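# Structural overview
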Amino acid sequence: MRFTFLAVALCAATLGSLPASAAGLDKLYIFDCGGLSAPDQSRWSPGVNVGVPIELSDNCYLLHHPQGWFLWETGLADAIAASPEGVKVENANGKFVLKRTKTLAAQLDQIGVKPADIKAMAVSHTHPDHIGNVELFPQTMLYVQKAEYEWPGTLGVPRFNPNHPVTKLEGDHDVFGDGSIVIISTPGHTPGHQSLLVRLPKTGAVVLSGDAVHFKDNWDNRRVPVFNTSKEQTLASMERIAEIVKKENAQFWINHDKTQSEAQKKSPKFYE
Ligand SMILES: [Zn+2]
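Residues numbered from 1 in each chain as written. Predicted model: local features only at pLDDT ≥ 70, side-chain atom pairs only at ≥ 80, totals over all residues. Heavy atoms only, no water.

All right, on to the packing of aromatic side chains then. In the structure shown here, the tally under the stated rule is 7 aromatic pairs. With 6.0 Å between their ring centres and 75° between their planes, Trp 44 and Phe 96 make a pair best called edge-to-face. Highlighted residues: Trp 44 in the loop between strand 1 (27-38) and strand 2 (54-65) and Phe 96 in strand 5 (residues 94-99), separated in sequence by 52 residues. Each member of the pair Trp 44 and Phe 96 is classed as buried. Arranged with centres 4.5 Å apart and planes meeting at 50°, the rings of Trp 219 and Phe 252 form a pair that is tilted. One end of the pair, Trp 219, is in helix 5 (residues 216-221); the other, Phe 252, is in strand 13 (residues 251-253), with 33 residues separating them in the sequence. This pair shows no difference in class: Trp 219 is buried, exactly as Phe 252 is. (Phe/Tyr/Trp six-rings, centres within 6.5 Å; stacked < 30°, edge-to-face > 60°. Helix = DSSP H or I, 4+ residues; strand = E, 2+ residues; numbered from the N terminus. Buried < 20%, exposed > 50% of the residue type's maximum accessible area, 1.4 Å probe, protein only.)

This is the structure:
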């Protein structure tokens with residue numbers, strides 16, 4: 001046991017400094033986790049495209065690593081798929097229509113993965129279009145920033161089921177210790193927002209945005225939505241992501257960018 005532990009520790013230290021091709025991660029699936037439409041894009045881009053409707057994609061990402069499956073984001077609740085015309089929502093962040101054409105459960109089933117097979121998971125933050133199916137995986141270790149976990153919810157309701165296994169983070173976290181899946185702290189959209197750096201053997205490095213930014217035009221112009229909890233933190237997080245993208249020569253996949261999303265391979269196809 002002692003030898004194995006040391007071997008793993010040494011391996012982890014060595015792999016961390018090697019190029020992406022040495023990482024353990026071997027597959028990334030993108031699931032369709034729903035979509036949002038809203039009557040006014042300028043909620044996301046203050047002063048720009050005022051009164052122009054917007055449609056956002058909503059993806060989930062499943063990663064295969066020799067140490068186990070890792071799920072990034074859970075999307076809108078699967079129950080929304082029961083309403084083909086969508087569900088109307090109005091809250092402090094605006095008016096939305098939420099839609100889901102396929103459930104997350106069905107997309108996992110299609111590739112032969114059971115919820116209990118998923119070893120670890122993380123969500124970028126606690127808005128409903130990201131945490132909708134966390135409890136589909138009641139035994140899966142959830143990685144979340146402490147600042148997000150402890151952020152008071154409406155009427156003091158906890159943001160997660162207190163019985164769900166959780167690791168509360170205070171900053172970045174290398175999930176399997178080999179640098180292939182790294183949670184990056186990117187606060188601003190919410191107090192404990194996080195993004196994900198993945199290093200795939202053929203595709204190379206990819207940064208998964210979470211809601212650090214919602215679509216490319218906002219990224220190019222560094223715009224901050226009106227409902228973000230901190231404009232200053234959001235801008236700092238965008239700069240941090242830009243530095244990582246440059247250093248890693250990474251692709252930047254913006255979860256809610258419908259145009260980018262529609263051009264990507266969806267499960268059962270996958271990226272290697
Ligand atoms: Zn979102």
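Turning our eyes to something else, we now look at unusual backbone geometry. In this model, Ser 267 is joined to Pro 268 through a cis peptide bond whose omega is 15°. Relative to the helices and strands, Pro 268 is located in the segment after helix 7 (258-262). Look at Arg 222: it is not a glycine, yet its phi comes out positive at around 50°. Mapped onto the elements, Arg 222 comes out in the loop between helix 5 and helix 6 (231-248). By relative accessible area, Arg 222 is classed as partly exposed at 27%.

The subject of this paragraph is the coordination of the zinc ion. Summarising the metal site, the zinc ion is bound by the protein donors Asp 129 (OD), His 130 (NE2), Asp 211 (OD) and His 256 (NE2), whose distances to it range over 2.1 Å. What the 4 donor atoms of the zinc ion show is an angle range of 88 to 166° at the metal, which sorts the shape as irregular. Mapping the donors of the zinc ion onto the primary sequence yields the spacing D-H-x80-D-x44-H. Here the residue His 130 occupies a position in helix 3 (residues 128-131), and His 256 occupies one in the loop between strand 13 and helix 7, the gap between them amounting to 126 residues. For the pair His 130 and His 256, one class covers both residues: buried. (Donors = N, O, S within 2.8 Å, 3.2 Å for Na, K, Ca; no water. Tetrahedral: all angles 85-135°; square planar, octahedral: opposite > 155°, others 65-115°.)

Here the focus is the pattern of salt bridges. Two side chains bearing opposite charge may form a pair once their charged atoms approach each other closely. Inspection of every chain in the model, using the stated rule, returns 10 salt bridges. Between Glu 272 and Lys 202 there is a salt bridge whose closest N-O contact spans 3.7 Å. Highlighted residues: Glu 272 in the segment after helix 7 and Lys 202 in the loop between strand 11 (194-200) and strand 12 (204-208), separated in sequence by 70 residues. On the basis of relative accessibility, which here comes to 35%, the residue Glu 272 falls in the partly exposed class. By relative accessible area, Lys 202 is classed as exposed at 65%. Where salt bridges share partners, they join Glu 55, Lys 258 and Glu 262 into one cluster. (Salt bridge = Lys/Arg side-chain N within 4 Å of Asp/Glu carboxyl O.)

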